[in-house]
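The residues making up each chain are set out below.
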Amino acid sequence: MATAPGNVTAIGRGRTTGPRWTHPPDPAPLRALIVDPDGAALARMTQFLRADPRISAVRTTRNRAGALQILRDDPVDLLVCDVSTPGLDGPHLARALARIDRHPHLVFTVPARQHPPRSFELDSVEYVDKPVTAERLAEAVRRTVAASTDETIAVELAGVTRFIRRSQILFVQAQGDYARLHTATGSHLIRVPLTTLEERWEPYGFLRIHRSTMVALPHVDEVRTVGGRMRVRLRGRTLQVSRRQGRHVREVLLAGAGEPPPRADHAQSSHEPRVADAG
């Protein structure tokens, strides 16, 4: 999970009091959706998941229409879907998930002698051979709990849907009602305003440095003031900090110098951003 670094080296100025790092909350109980045209298989998996204390609610449906309605109306953390469900194979489901803000951890159940969709061979997706056992579903729940601490975002480009994790994002830039997510390998446009992402991701170490820019502090290598203007450097990219936000950015970084190290299960980055002044 993305969290702020536990220690910051301050150069050029003394320690400044200011906002403190906050740890993200512990994962909440999961909400599951099972999609399977086979009523017996649906009942069996429902029984398994309802017996799991990590699951707070289980919704079920046997068809595409019911699945899309639930995904639109209710938050879903774990989606268990029979890959042979009409209209919900890999590409169709990808397009459906791209239209919702929060992408659930996806488990495809695969009937015997059927190959899984190659377009979904990604970290956020796993495959379970049928008949599904309680042990195998329990492992899927464990993976979902782990994944739920690092949000997955569906992004679409030229008809291809890909999934990126919040911890991969270096910085975010506003583009009207959209936001562009920048990672080490490229950028992706999503239809979510920057203000919404700021509210959602601030507890995970994201900080607004400009009216149109938000950075992931665990990826910040250096904060430098040149000619009275502050800049931050992330993986070789340099971004300007607005005059209005400059003092707050410095306070947040320097305040982190007195914080205890983040919990091991929340640690993401071991490097320490350098705060410096230059004439």
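Everything quoted here is computed from the prediction, not taken from an experiment. Counting restarts for each chain: residues are numbered from 1 in the order of the written sequence. At least 70 in pLDDT is required for a residue's local features to be given in this predicted model, at least 80 for side-chain atom pairs to be given and counted, and no such filter applies to totals for whole chains, interfaces and linings, which use all residues. Just so you know, side-chain values use all the structure's heavy atoms and leave hydrogens and water out.

J.: Sorry if this is basic, but what is going on with the overall build of the protein here?
T.: Looking only at helices and strands, one finds six helices and 17 strands in the protein. Under the scheme applied here, a residue whose accessible area is under 20% of the maximum for its type counts as buried, over 50% as exposed, and between as partly exposed, the area being computed with a 1.4 Å probe on protein chains only. Within the span of the protein, comprising 279 residues, buried residues form 47% of the whole. Restricting the contact set of the protein to residue pairs at least 6 apart, pairs at least 24 apart contribute 60%. In this text, helices come from DSSP runs of H or I with a minimum length of four residues, and strands from runs of E with a minimum of two, each type numbered from the N-terminal end. Note on contacts: a residue pair qualifies if any of its non-hydrogen atoms lie within 4.5 Å across the two residues.

J.: Where do I start with the sheet that holds strand E11 (residues 187-190) in this structure?
T.: Adjacent strands of a sheet pair through backbone hydrogen bonds, lying either parallel or antiparallel. The criterion for strand pairing is that DSSP finds at least two bridges linking the strands in question. Strand order in the open sheet formed by five strands is E11-E10-E9-E13-E12, with antiparallel pairing between adjacent strands. Bordering the open sheet on either side are E11 and strand E12 (206-210), each of which pairs with just one other strand. The sheet shows a mean angle of 25 degrees between the axes of neighbouring strands, direction not considered. With six bridges connecting them, strand E9 (residues 169-175) and strand E10 (residues 178-183) associate as antiparallel partners. Paired with Phe 171 across the strands is His 182, a residue of E10. Simply put, an axis is a line fit to the C-alpha atoms, just over the touching stretch for a helix, and the angle between two N-to-C directions goes from 0 to 180 degrees.

J.: How do you make sense of a positive patch on the surface when you look at a structure like this?
T.: Residues enter a patch when their relative accessible area is above 30% and they make no salt bridge; the linking distance is 9 Å between like charges and 5 Å between nonpolar side chains (Val, Leu, Ile, Met, Phe, Trp, Tyr). The protein chains shown are the only cover counted for residues, whose accessible areas, like all others here, come from Shrake-Rupley with a 1.4 Å probe. Think of a salt bridge as a Lys or Arg side-chain nitrogen and an Asp or Glu carboxyl oxygen that are within 4 Å of each other. His is not counted, nor are the chain ends; Lys and Arg add positive charge and Asp and Glu add negative charge. To locate a charge, take NZ of a lysine, CZ of an arginine, CG of an aspartate or CD of a glutamate. Among the surface-exposed residues, Arg 64, Arg 72, Arg 95 and Arg 99 lie close enough to one another that they form a single positively charged patch. Structurally, Arg 72 is set in helix H2 (residues 64-73).

J.: For this particular structure, what's the right way to read H2?
T.: In an α-helix, one full turn covers 3.6 residues, which means residues spaced three or four apart are oriented alike. Turning to H2, its buried residues are Gly 66, Ala 67, Leu 68, Ile 70 and Leu 71. We call two N or O atoms a polar contact when they sit within 3.5 Å, provided that within protein one can donate a hydrogen and the other can accept it, with sequence-adjacent residues counted only if both atoms are side-chain atoms. Backbone nitrogen of Ala 65 and a side-chain oxygen of the N-cap are separated by 3.4 Å at the start of H2; the cap is Asn 63.

J.: Which parts of the structure should I look at to understand the sheet that holds strand E5 (residues 105-110)?
T.: Spatially, E3-E2-E4-E5-E6 is the arrangement adopted by the five strands of the open sheet, whose pairing is parallel. Every other strand in the sheet has two partners, leaving strand E3 (55-61) and strand E6 (125-129) as the edge strands with one partner each. For this sheet, the mean angle separating the axes of adjacent strands, direction not counted, is 20 degrees. The pairing of E5 with E6 spans five bridges and is parallel. The partner of Thr 109 across the bridge, within E6, is Val 128. Against the sheet, helix H1 (residues 39-50) contacts strand E2 (30-35), E3, strand E4 (78-82) and E5, and its axis sits at roughly 170 degrees relative to E3.

J.: Could you clarify how one ought to interpret the environment of Val 252 in this entry?
T.: Tracing the backbone through its elements, the reader meets Val 252 in helix H6 (residues 243-255). The exposure class of Val 252 is buried, given its relative accessible area of 9%.

J.: Would you take a moment to explain the environment of Ala 96 for this structure?
T.: Locating Ala 96 in the fold gives a position in helix H3 (residues 90-97). Taking relative accessible area as the criterion, Ala 96 reaches 12% and is therefore assigned buried. Sequence-wise, Ala 96 and Leu 71 are 25 residues apart; in three dimensions their C-alpha atoms are separated by 8.5 Å.

J.: Can you help me understand the packing of aromatic side chains in this one?
T.: Any two aromatic rings considered together are summarised by their centre-to-centre distance and by the angle between their planes. Pairing of aromatic rings covers Phe, Tyr and Trp, the last counted by its six-membered ring, and requires centre-to-centre distances within 6.5 Å; plane angles under 30 degrees mean stacked, over 60 mean edge-to-face, and any other angle means tilted. One pass over the structure, following the stated rule, counts two aromatic pairs. The interplanar angle of 15 degrees and the centroid separation of 6.1 Å between the aromatic rings of Phe 108 and Tyr 127 together place this pair among those described as stacked. In this pair, Phe 108 sits in strand E5 while Tyr 127 sits in strand E6, placing the two residues 19 residues apart along the sequence. Judged by relative accessible area, Phe 108 falls into the buried class, the value being 0%. Seen in terms of ring centroids, Trp 201 and Phe 206 are 5.0 Å apart; in terms of plane orientation they differ by 45 degrees. Their pairing is tilted. The class of Trp 201 is buried, set by a relative accessible area of 0%. What makes Phe 206 buried here is its relative accessible area of 4%.

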